[in-house]
Amino acid sequence: MVDLADRYRITSNRESGLGRYDVMLEPLRAEDPAFVLEFKVRDPEDEGTLADTAAAALRQIEEKGYDTELEARGISRKRIRHYGFAFEGKTVLVG
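Criteria and thresholds
- Residues numbered from 1 in each chain as written.
- Predicted model: local features only at pLDDT ≥ 70, side-chain atom pairs only at ≥ 80, totals over all residues.
- Heavy atoms only, no water.
- Patch = residues over 30% accessible without salt bridge, like charges linked within 9 Å, V, L, I, M, F, W, Y side chains within 5 Å.
- Areas by Shrake-Rupley, 256 points an atom, 1.4 Å probe, with all protein chains shown as cover.
- Salt bridge = Lys/Arg side-chain N within 4 Å of Asp/Glu carboxyl O.
- Helix = DSSP H or I, 4+ residues; strand = E, 2+ residues; numbered from the N terminus.
- Pairing = 2+ DSSP bridges.
- Buried < 20%, exposed > 50% of the residue type's maximum accessible area, 1.4 Å probe, protein only.
- Polar contact = N/O pair within 3.5 Å; in protein donor to acceptor, adjacent residues only side chain to side chain.
- Contact = heavy atoms within 4.5 Å.
- Expected span 1.5 Å × (residues − 1).
- Arc of directions from axis to C-beta.

1. Re a nonpolar patch on the surface
Argument step 1. A cluster of nonpolar side chains, namely M1, I10 and F39, defines an oily patch on the protein surface of about 250 Å² accessible area.
Argument step 2. Along the polypeptide, I10 turns up in strand 1 (residues 8–12).

2. Topic: unusual backbone geometry
Argument step 1. Even without a glycine there, the phi angle at N13 is positive, about 55°.
Argument step 2. Relative to the helices and strands, N13 is located in the loop between strand 1 and strand 2 (15–16).

3. Notes on the pairing of strand 7 (residues 91–94)
Argument step 1. Here 4 bridges tie strand 6 (residues 80–88) to strand 7, and the two strands are oriented antiparallel to one another. The residue of strand 7 that forms the bridge with F87 is V92.
Argument step 2. A loop of 2 residues connects strand 6 with strand 7, the two strands running antiparallel in sequence, and G89 in this loop sits at a positive phi of about 65°.

4. What to know about the pattern of salt bridges
Argument step 1. Inspection of the entire model under this criterion finds 12 salt bridges.
Argument step 2. Across the salt bridge formed by E26 and R9, the nearest N and O atoms sit 3.6 Å from each other. Placement of E26 in strand 4 (residues 23–27) and of R9 in strand 1 is noted, with a sequence separation of 17 residues between them.
Argument step 3. You can call E26 buried: its relative accessible area is 13%.
Argument step 4. Here R9 falls in the partly exposed class, since its relative accessible area comes to 28%.
Argument step 5. Across the salt bridge formed by E62 and R77, the nearest N and O atoms sit 3.6 Å from each other. Here E62 is found in helix 1 (residues 50–64), whereas its partner R77 is found in the loop between helix 2 (68–72) and strand 6, with 15 residues between them in sequence.
Argument step 6. Assessed through its relative accessible area of 48%, R77 is described here as partly exposed.
Argument step 7. Here the salt bridges share partners, and the residues they tie into one network are R7, R29, E31 and D32.

5. With respect to the side chain of S16
Argument step 1. Within the element layout of this structure, S16 appears in strand 2.
Argument step 2. For S16, a relative accessible area of 4% translates into the label buried.
Argument step 3. A distance of 2.9 Å separates the side chain of S16 from the backbone nitrogen of E69, its partner in a polar contact.
Argument step 4. In this structure, S16 is in contact with Y21, M24, K64, G65, Y66, D67, T68 and E69, ignoring residues within four places of it in sequence.

6. Brief notes about helix 1
Argument step 1. For helix 1, built from 15 residues, the straight-helix expectation of 21 Å at 1.5 Å per residue is met to within 8% by its first-to-last C-alpha distance of 21 Å.
Argument step 2. Taken together, the buried positions of helix 1 are L50, T53, A54, A56, A57, Q60 and I61. Buried residues along helix 1 cover an arc of 155° about the axis, so they all sit on one side.
Argument step 3. Buried-residue contacts for helix 1 involve strand 5 (34–41), strand 6 and strand 7.
Argument step 4. The N-capping residue of helix 1, defined by a side-chain oxygen 3.3 Å from the backbone nitrogen of A51, is T49.
Argument step 5. Just downstream of helix 1, G65 is the residue with a positive phi angle, here 65°.

Pasting the structure below:
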């Protein structure tokens with residue numbers, strides 16, 4: 001992410017909507033997309049697979065309205081990308 005510092009304002013763990021997102025990349029150029037990233041460690045009691053954990057991360061972004069801050073700054077929903085990262089040990093799945 002350090003390499004993106006000249007194109008994005010990168011923030012983490014800030015309030016937006018009904019909670020706190022993990023990482024947000026707000027574009028400095030109008031043609032670039034924005035990104036909301038949510039990271040989750042798989043809990044075998046709650047999720048059957050890493051794919052379930054990634055899906056839960058994506059649901060959290062939607063349910064908590066983490067796009068609120070970006071939309072308030074004039075970034076349309078079409079330009080906002082969501083990524084859910086699921087971790088289990090050294091294994092990672094991005095959804």
